[in-house]
Each structure stands twice: as structure tokens, then as C-alpha cells.
Amino acid sequence: MFGFGQRKAEVKTTAQPVDQQRDANVDTLVNEGATVGKTNWKNLIPVIACGAGLFSDGYINNVIGSVVTILDREYQEVWRNSNAKKYVGDIAFAGTVVGMLLFGYLSDKWSRTNSLLVSTIILIIFAALAAGSYYKGDAVGMFNILTAWRFFVGLGIGGEYPAGSVGCAENTGELKSGQRNMWFILFTNSMIDWGFVIGAFVPYVVSAACHNGHLSTIWRTSLGIGVAFPLVLFVLRLFVSEPEEFQKNSMKNARTPYLLVLRFYGFRLFIVSLIWFIYDFSAYSFGIYSPKIVANIYPADSPLTTIFGWNTVINLFYIPGTMLGAPVSDLLGPRYALALGVFLQAIVGFIMAACYSSLAQPGRVAAFAVVYGIFQSLGELGPGNNIGLIAAKTCATGIRGQYYGLAAAVGKIGAFVGTWVFPYIEAAGGGDERLAAQYPFWVSSSLCVLSAVLVLFCLPHIGQDTIQAEDARFRAFLEENGYDTRQLGLRKGEEIGELGEAEGAEEVSIEKKVSPAQ
């Protein structure tokens, strides 16, 4: 096998089966190469800078709901008869899918940090342009311009997923072992959920300041405030360097062996993508109950402050699950945390579907809201917190951006598919309103159970040093199949051992044959 001058760990193979010997070799590499880590502000800043940009995803995607409500009141029939009404809320998701795929490639083949900076610049520019949308004083033209800018805003948001989340995962390796999953979640999924809350709260505050008048000022200000957070984050990201694992194992200067990647990670990528697809697909039906709650609380012609105030309360349902669930991922491991969340969510979903006729009554709105809140929180404790973590830690560094970006894009496509499919599922209930509301939840809750089965039986254990272990296993697999691993890393042509010595570290190579990931 290729040695390339590295120091090798001598391994006796006669006493152990190949798989056990392989695991022993990987453990040796991880134990010698991994650092204990320390959680302090110096080590947390790169984690925050890389992951926290997902706050913009939550904010921008949620605030548009309030903007649509205001546009409907301000322009009435002009807005209702426009094509923009059909697309302005969802067009950002299309841009997000494109951004995930594009920046997934760029983050692997160019740079984690530079990809982040570019996506942040796109987000800042087009979020500002959306807030200032204008077209020669024509309302319909302005709607179309707003829709176009929203696509590019989505492009910037899409870049945050592969470039930001994978960088966040790689930087958690510098933190204290036993807390790494928690910090990843707090600065990725929790940021999205807080973005949802702030995206609902800001229109409430602006509406209150405008006394529910000056409608154009309310929606433009609400969109414009979305520029502030990525602007601050951009400054912070200027001082972030490439993650250590990316420096060692990047394929920036190497040919990516996609056929070998598919052999090694194809099945695993399919399972991760499928779980993400199911999660986003099901989220559509879960969201249909929010309007039911709202409709029972206030009439349609209520002041904007009332509408946006209750919208803020409903979005707060996400917070307990993501915040309390973050340490659970370290305690149980991401697989078991996800399985626990979706299994409990399925139980609550079945109960909500079965008892819908009793719960969906104006006099029982408080009870329904509490059950719905528990349901939403369990979704965050399970797949909300852990699917991104699993995607970021179940592949090697050299292809992590593309792996993560593809899985996340499939998830977003699941949301689109759910948007088209669930109306047909509801229609299967015929004219019975009870059945029309129940059927989506029977389907979605069943899919929750399927997700639990997939994550438990089709994905590997994810520990505190899984990133290092995956890099070791993938490197050994490449060498076994004749790939020159001296190409890996940011210093083209240098061996991993030479790179490690330059940084004051020693690496142990693996010569044993590694089977494809399962």
C-alpha cells in the first residue's frame, strides 16, 4: 500500500478479523490525532461565525408571511390578482436549492470561508434590494421585482447550509469533547428557530410603532432589518480561517473520484437525503394546524399587531424543543436523539389526528395550542436538531460540502413535493372536513416512524470524533483503490505526514482495506 514516507502504526492482523482490525486502526488514528479541546470564546467564535448565518434563513423565510399579509391589505385586489402572490412566498426556496448545490461544490473545491463570504454578500445585497423594491411607481411591477430579488436572497441562504454548517461542524472539533453536538445545534438549527421567532416579532414591533398604519413602511422596514444580522456576521467572518480538518483533507487541489465516493458513501447519502426529504415533506401537513389555531383566536380583520403578536407566540413553540434538545444529542447521540424525537412526534401526531374533531373547537383552542406546541417541539428535538448534524458528520471532509448540500437540497425539494401532494391527500377526505384534516397527519406520522427506523438501522454511530474517523476511513479506502492521497490538503503535493509535522502534529496512516460505508 502507499506509505509516502509517513510513520506507520504496525498492526498484527492474524489474530483479528479484517473489520475488527480496520476499526482498531481507525481508533488508533483518531485517538492519536484528536484533541481534547476546550470550550472558550476563542474556540467558539469560528463555530458562531460559520453556523449562525442560518438565523437569516429563519428570519427571511418567516418575515415574508407577514409581508404578504400587509401587501394584501395595502393593495387588495391588485395584489390578489397578481402572479407574484403565487410565487413571492416560495421563490426563495427555489433559490435556496440552487445555492445549496452551487456553494456545496464551491466550499469543497474552492474555500469554506470564501464561499461563506460570497453567500453573505449575496444575502446582504439582495435582502436590501427586496426591502427597496420599486418599478416606476407600478404596483404589479414592484411585486415582480420583489419576487425576483427573493430568488437571489434564497441563493445566499442556500450558501449558508453547505459552507456554513460544514465549517461549523469541523470547527466544533476544537471544543470540549461531550459538548460538540450541542454547540453545533445551538448555532445552526436553534439559530433558524430564533430567526422564525424574530421574523414574526419584528413586524409586530414595527406595526405597533406605526400604530397599524403606514403599511409600506411596515413591510419594507421588516424586510430591511433582515440585512442587519448578516452584515454583522460578515465582519466576524473576515477573521475566520479555514477549519483544520479542511486544511488537512481538502480536495481543492485534487481530482474528486466521484465513482469511489459513490461506492463509499452512496447508500449513506441516500438514507440521509431520504430522512431530510421526509422531514420537510411532512412539515407541510404539520403546519396546516397553525391557521386553525389563529382562526379561533381572532377574526380576519384584526389589527396587524394582534395577528403578528399571535404569530410570534406560535413560533415560540419551536424554541423549547431545540434549546432543551441540544444537549440530548450529546447525551444520547444524534441517531438516538432523532429517532426519539420523531417517534414521540408520531405518537402525538396520531393523537392529534384521532382527536381532531374534539380539539379543533373554538372553546378548546388553548388545549389544542398546547398539544400543537408539544408536537412542534418534538420535531425540533428530533430531526430539526439532528438531521443537519448527521449530514455534516457522516462523510469525509473532502466531499462534505457537496454531500451536505445535496442532502439539504433533497430536503427542500421534499417541501415542494409536500406542497403539491398534500392537497390531494386532503381531497381524499371528500367533503368531510374532519377526514381532510386527519389524512395528512396519518401519513406524516407514519413517515415519522419510517424516519426512526431508517436512522436507527441504516446509519452508523456518530461520536465526538466522528469527523476524524471518517477522514481516516475514507483516506484508507482511497489508497486501497489506487488513489494518490498525497493530493489531499491545501498544500498541493505534500503528504499528510509532512503537513502534520509542519503544524507540530503526527499522523498515523492506515494500510488495511476499508469496506464502503453502510
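Definitions and cut-offs
- Residues numbered from 1 in each chain as written.
- Predicted model: local features only at pLDDT ≥ 70, side-chain atom pairs only at ≥ 80, totals over all residues.
- Heavy atoms only, no water.
- Helix = DSSP H or I, 4+ residues; strand = E, 2+ residues; numbered from the N terminus.
- Buried < 20%, exposed > 50% of the residue type's maximum accessible area, 1.4 Å probe, protein only.
- Contact = heavy atoms within 4.5 Å.
- Phe/Tyr/Trp six-rings, centres within 6.5 Å; stacked < 30°, edge-to-face > 60°.
- Expected span 1.5 Å × (residues − 1).
- Patch = residues over 30% accessible without salt bridge, like charges linked within 9 Å, V, L, I, M, F, W, Y side chains within 5 Å.
- Areas by Shrake-Rupley, 256 points an atom, 1.4 Å probe, with all protein chains shown as cover.
- Salt bridge = Lys/Arg side-chain N within 4 Å of Asp/Glu carboxyl O.
- pLDDT = per-residue confidence, 0-100.

Student: In this structure, what is going on with the side chain of S302? I would like to understand it.
Tutor: Here S302 is to be found in the loop between helix 15 (289–297) and helix 16 (304–315). Of the residues examined, S302 reaches a relative accessible area of 6% and is grouped as buried. Aside from chain neighbours lying at most four places away, what touches S302 is R73 and I307.

Student: What's the story with the packing of aromatic side chains in this structure? I'm lost.
Tutor: Within a pair of aromatic rings, the relevant descriptors are the distance that separates the centres and the angle that separates the planes. Applying the stated criterion to the full structure yields 20 aromatic pairs. Pairing F126 with F152 gives two aromatic rings, centres 4.8 Å apart and planes at 20 degrees, and the pair type is stacked. One end of the pair, F126, is in helix 7 (residues 112–131); the other, F152, is in helix 8 (residues 139–171), and 26 residues separate them in sequence. On the accessibility criterion, F126 (17% relative accessible area) is buried.

Student: Please clarify how the environment of N181 should be interpreted in this entry.
Tutor: Relative to the helices and strands, N181 is located in helix 9 (residues 180–186). Considering only alpha carbons, one finds N181 and L389, 208 residues apart in sequence, at a separation of 7.4 Å.

Student: Sorry, what's going on with helix 3 (residues 54–75) here?
Tutor: Residue pairs three or four apart in sequence face the same way in an α-helix, which turns once every 3.6 residues. Between the first and last C-alpha of helix 3 there are 32 Å, a value that for 22 residues agrees with the 32 Å anticipated at 1.5 Å per step. Positive backbone phi, approximately 50 degrees, marks Q76, located one or two places after helix 3.

Student: Is there a simple way to explain helix 6 (residues 91–109) in this structure?
Tutor: Taking 1.5 Å per residue as the helical rise, helix 6 with its 19 residues ought to reach 27 Å, and the 28 Å between its terminal C-alpha atoms agrees with that figure. If you check which residues of helix 6 are buried, you get A92, G95, T96, V97, G99, M100, F103, G104, S107, D108 and K109.

Student: Explain a nonpolar patch on the surface to me, please; I cannot follow it from the model alone.
Tutor: Taken together, the side chains of L331, L332, Y336, L340, F343, L344, I347 and I351 present a nonpolar region at the surface, about 730 Å² in accessible area. With 6 residues, the top contributor of residues to the nonpolar patch is helix 18 (residues 334–354). Along the chain, the position of Y336 falls in helix 18.

Student: Mind showing me how you'd approach the side chain of S115 here?
Tutor: Assignment of secondary structure puts S115 in helix 7. Non-local contacts of S115, meaning those with residues more than four positions away in its chain, are made with F103, L106, S107, W110 and A163.

Student: Would you take a moment to explain the confidence of the model for the chain for this structure?
Tutor: The predicted coordinates ought not to be read in detail in places where the model reports low pLDDT. Across the chain, pLDDT averages 84, with 84% of residues at or above 70. Contacts for the low-pLDDT stretch residues 1–22, under 50 throughout, to residues beyond four places or in other chains number 37 contacts. Long-range and interchain partners of residues 493–513, a stretch whose pLDDT sits below 50, account for 50 contacts in this model, where long-range means more than four residues apart.

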